[in-house]
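# Fold and contact review
Residues per chain, in single letters:
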Amino acid sequence: MLDTTTVTQTTPDPKAVQTSIADATRALHGHQQGDGHWIFELEADATIPSEYVLFRHYLAEPVDSDLERKIANYLLRIQGTHGGWPLFHEGAFDMSASVKAYFALKMIGHDIDAPHMKRAREAILTRGGAAKVNVFTRFLLAFFGQLTWRAVPVLPIEIMLLPRWSPFHLTKVSYWARTTMVPLMVLAALKPRARNPKGVRIDELFHEDPATVGTPGRAPHQSKAWFALFSGIDAILRVIEPFFPKRLRQRAIDSALSFTAERLNGEDGMGAIFPPMANAVMMYDALGYGEDYEPRATTRRGIDKLLVFNGDEAYCQPCVSPVWDTALTCHALLEAGDEASIKKAGEALDWLKPRQVLDVKGDWAAKRPDVRPGGWAFQYNNAHYPDLDDTAVVVMAMDRTRRAGQTKTFDAAIDRAVEWIEGLQSKDGGFAAFDADNLEYYLNNIPFSDHAALLDPPTEDVTARCVSMLAQLGKTAQTSPALARGLDYLRRTQMPEGSWYGRWGMNYIYGTWSVLCALNAAGVDHADPVFRKAADWLVRIQNADGGWGEDGESYKLDYKGYAQAPSTASQTAWSLLALMAAGQVDHPAVARGVAYLMKTQNKAGEWDEARYTATGFPRVFYLRYHGYPKFFPLWALARYRNLRNTNSRTVGVGM
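Cut-off values and rules
- Residues numbered from 1 in each chain as written.
- Predicted model: local features only at pLDDT ≥ 70, side-chain atom pairs only at ≥ 80, totals over all residues.
- Heavy atoms only, no water.
- Helix = DSSP H or I, 4+ residues; strand = E, 2+ residues; numbered from the N terminus.
- Buried < 20%, exposed > 50% of the residue type's maximum accessible area, 1.4 Å probe, protein only.
- Contact = heavy atoms within 4.5 Å.
- Polar contact = N/O pair within 3.5 Å; in protein donor to acceptor, adjacent residues only side chain to side chain.
- Pairing = 2+ DSSP bridges.
- Axes fitted to C-alpha atoms, helices over the stretch in contact; angles between N-to-C directions.
- Parallel < 35°, antiparallel > 145°, perpendicular 65-115°, else oblique.
- Left-handed = near helix turned anticlockwise from the far one by under 90°.
- Nonpolar A, V, L, I, M, F, W, Y, C, P; charged D, E, K, R; others polar.
- Expected span 1.5 Å × (residues − 1).
- Salt bridge = Lys/Arg side-chain N within 4 Å of Asp/Glu carboxyl O.

## Brief notes about unusual backbone geometry
One non-glycine residue, A60, lies in the positive phi region at around 60°. Looking at the secondary structure, you find A60 in the loop between α2 (47-58) and α3 (65-77). Backbone geometry at D437 places phi at a positive 55°, although glycine is not the residue there. Assignment of secondary structure puts D437 in the loop between α15 (411-423) and α16 (460-472). Owing to a relative accessible area of 15%, D437 belongs among the buried residues under this scheme.

Here it is in structure tokens:
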């Protein structure tokens with residue numbers, strides 16, 4: 001049982017808390033765009049900027065030496081102490097990221113005997129060499145003629161023509177896999193060669209002749225039996241693929257072109273994420289469409305819109321996050337509650353409202369054809385791929401404006417969004433990010449899926465957000481079957497020590513925050529063991545400095561739970577919000593966490609956070625949202641002040 005005794009000497013001074021809130025609020029106001037929205041940088045690892053450099057040389061675009069110099073500066077700064085490149089700040093060596101970064105730096109013109117290149121090469125070679133890269137990197141190296149096509153899994157374009165009932169169909173994989181694979185399958189069929197005008201190769205990163213590298217081995221997550229079956233199919237396809245009828249192949253390529261054309265999405269790009277955008281440009285190039293072909297030219301311009309320039313550095317973002325940033329900022333400002341913040345949140349919601357997708361039945365409709373559209377996408381425009389997480393967060397912010405006394409009405413938008421989210425609940429009671437019932441787990445065993453990220457199954461954090469939304473809108477387990485099934489899913493997925501897995505944020509801290517807010521909004525008794533176990537766990541993992549932190553290593557396949565890391569502002573904020581949702585506003589751990597945020601706030605009213613606290617694909621791709629340390633700590637501090645002032649169970653919202 002938690003000790004909830006108030007320790008007065010550690011209780012932060014209310015006036016100091018208010019000063020911290022005021023400073024953070026003022027800083028956040030300053031980031032608002034002229035049209036009312038917020039957008040912050042979204043940083044990944046070395047992979048995307050390296051691919052951007054190689055993409056330009058693949059096409060033999062004119063060399064922009066200043067841009068390449070700035071990208072090289074960025075890559076050099078994030079090189080790990082181990083000599084290679086990690087997937088997140090201070091992370092372990094990653095082979096694929098390291099090979100791509102080395103290749104990009106060599107392409108830019110760095111001497112292979114430069115100290116940083118020697119360190120990288122030694123790190124790569126001592127860990128088995130470039131033959132150990134993942135499947136996506138193998139495709140890239142095959143385009144450059146560094147590996148033969150025997151080194152990549154067969155990915156026949158004829159997949160485009162398979163019937164819906166087939167074991168492998170595009171509707172059975174995630175949106176990000178779908179949009180990446182379609183142009184990639186065209187490229188795999190045509191097998192184009194990068195122009196690579198400098199003729200750069202990286203043979204020195206291999207222990208063997210690169211031409212002898214065979215197909216990738218089984219990944220740790222893959223079943224021996226399933227992988228053996230799919231590897232056998234791959235071997236058969238490798239023999240018979242050259243004999244596929246040319247007319248059939250052309251039909252499949254035409255189908256891929258139609259699929260792509262429908263989803264090009266202007267300068268926001270196919271899927272509004274870098275990999276399918278780059279693949280689409282290369283696909284058009286391989287098919288003979290020139291630089292002035294409008295779909296190709298528009299997509300190419302969209303890729304450059306992902307670049308970020310910071311002084312003498314530059315990098316390429318995987319995508320942009322304006323809807324997510326704006327919606328979460330609204331929650332922080334509505335929690336702050338001052339008149340100016342409420343006004344600014346209202347302006348932001350006015351910006352968000354017309355971005356609701358009401359007229360496009362996206363790919364999600366393949367499994368839910370009778371559901372009307374009604375969601376929001378993560379990016380500026382991505383109508384085929386709205387997501388439930390963004391939608392639930394936007395709805396809860398819209399609903400909060402009514403509680404804040406605003407006369408704005410978002411009732412129609414909220415109703416359509418709720419209808420869409422309820423319609424996409426999966427059969428196990430959970431909610432996924434983009435699709436319903438994407439549960440074909442056997443597909444993660446195909447040779448192409450060494451990243452284990454082919455699917456978009458329900459997850460605890462997204463389910464929690466949807467449950468939170470339903471509860472905040474007044475639905476109960478008695479009146480809403482969707483909410484009741486969601487709560488049951490969350491109870492089933494609690495880990496033995498009390499935490500929940502976080503798919504889109506790092507990791508168990510994020511998942512636990514998400515779920516405890518949902519349980520609190522749904523009216524679950526704070527004395528329920530589901531609450532007590534989670535709160536006890538959060539108190540146990542608090543760092544000595546009063547904050548909380550978690551490392552990306554917690555995503556290891558051999559589950560060992562939370563992996564301790566230095567405290568971060570965003571993870572501390574999630575922990576505080578979680579404990580307060582569990583009714584522990586007066587617990588000493590909360591006081592210590594609030595004190596940590598106050599003492600680490602900088603003079604600008606914000607928090608510095610170099611560590612990554614978000615997740616693209618576990619074990620493959622991580623994210624650093626530059627907005628997280630700007631709005632989450634403010635949110636937590638304002639929630640603390642509000643609960644201390646009212647001594648109530650909740651402030652009446654789901655997050």
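## Thoughts on the environment of N279
In this structure, N279 sits in helix α10 (residues 274-286). For N279, a relative accessible area of 9% translates into the label buried. Once you skip the residues sitting within four places of it in the chain, N279 turns out to touch T180, P183, L184 and L187. At 3.2 Å, the side chain of N279 and the backbone oxygen of T180 are in polar contact.

## Let's talk about the pairing of strand β3 (residues 313-316)
For a regular strand, side-chain orientation follows a simple rule: the groups alternate between the two sheet faces. Burial along β3 is two-sided: E313 and Y315 facing one way and A314 and C316 facing the other are all buried. Of the strand pairs in this sheet, strand β2 (residues 307-310) and β3 are connected by four bridges, and their pairing is antiparallel. Paired with N310 across the two strands is E313, which belongs to β3. Connecting β2 to the next strand, β3, in antiparallel fashion are two residues, including G311 with a positive phi near 60°.

## Side note on the sheet that holds strand β1 (residues 42-43)
The antiparallel open sheet is built from three strands, whose spatial order is β1-β7-β6. The open sheet has two free edges, formed respectively by β1 and β6 (614-617), since each of these has just one partner strand. Two strands pair when backbone bridges link them, and β6 and strand β7 (residues 621-625) are joined in this way by three bridges, in the antiparallel orientation. Looking at β7, one finds that A614 is bridged to L623.

## Things to note about the packing of helix α20 (residues 569-581) against helix α22 (residues 628-646)
Running from N to C, α20 and α22 cross one another at 30°; their axes reach a closest spacing of 8 Å. Classified by the interaxial angle, the pair formed by α20 and α22 is roughly parallel. Note on packing geometry: the crossing formed by α20 with α22 is left-handed. The segment α20 lies against α22, with A569, S570, A573, W574, L576, L577 and M580 engaging Y628, P629, F632, P633, W635, A636, R639, Y640 and L643. When the residues that make up the contact of α20 with α22 are grouped by side-chain class, the tally is 14 nonpolar, one polar and one charged.

## Overview of helix α12 (residues 322-336)
In a regular helix each residue adds 1.5 Å, so 15 residues correspond to 21 Å; α12 covers 21 Å between its end C-alpha atoms and thus fits that length. Among the 15 residues that make up α12, 15 are buried, leaving the element largely enclosed by the rest of the structure. Where α12 terminates, the next one or two residues include G337, which has phi positive at roughly 80°.

## Comments concerning the pattern of salt bridges
Under the criterion given, the structure shown has 42 salt bridges. A salt bridge links E61 to R56; the shortest N-O distance between them is 3.5 Å. For the residue pair E61 and R56, the accessibility class agrees, reading buried in each case. Notably, a salt bridge pairs R372 with E419, separated by 2.8 Å at the nearest N-O pair. Here E419 lies in helix α15 and R372 lies in the loop between α13 (339-352) and α14 (388-403), a separation of 47 residues in the sequence. Residue R372 is classed as partly exposed on the basis of its relative accessible area of 41%. Here the residues in one salt-bridge network are R178, E262, R263, D363 and D435, joined through shared partners.

## Some words on the packing of α2 against helix α11 (residues 294-304)
Between α2 and α11, the shortest axis-to-axis distance is 12 Å and the interhelical angle comes to 145°. Considering how the two elements wind past one another, α2 and α11 form a crossing that is left-handed. Residues Y52, F55 and R56 of α2 form the contact with α11, whose participating residues are R300, I303 and D304.

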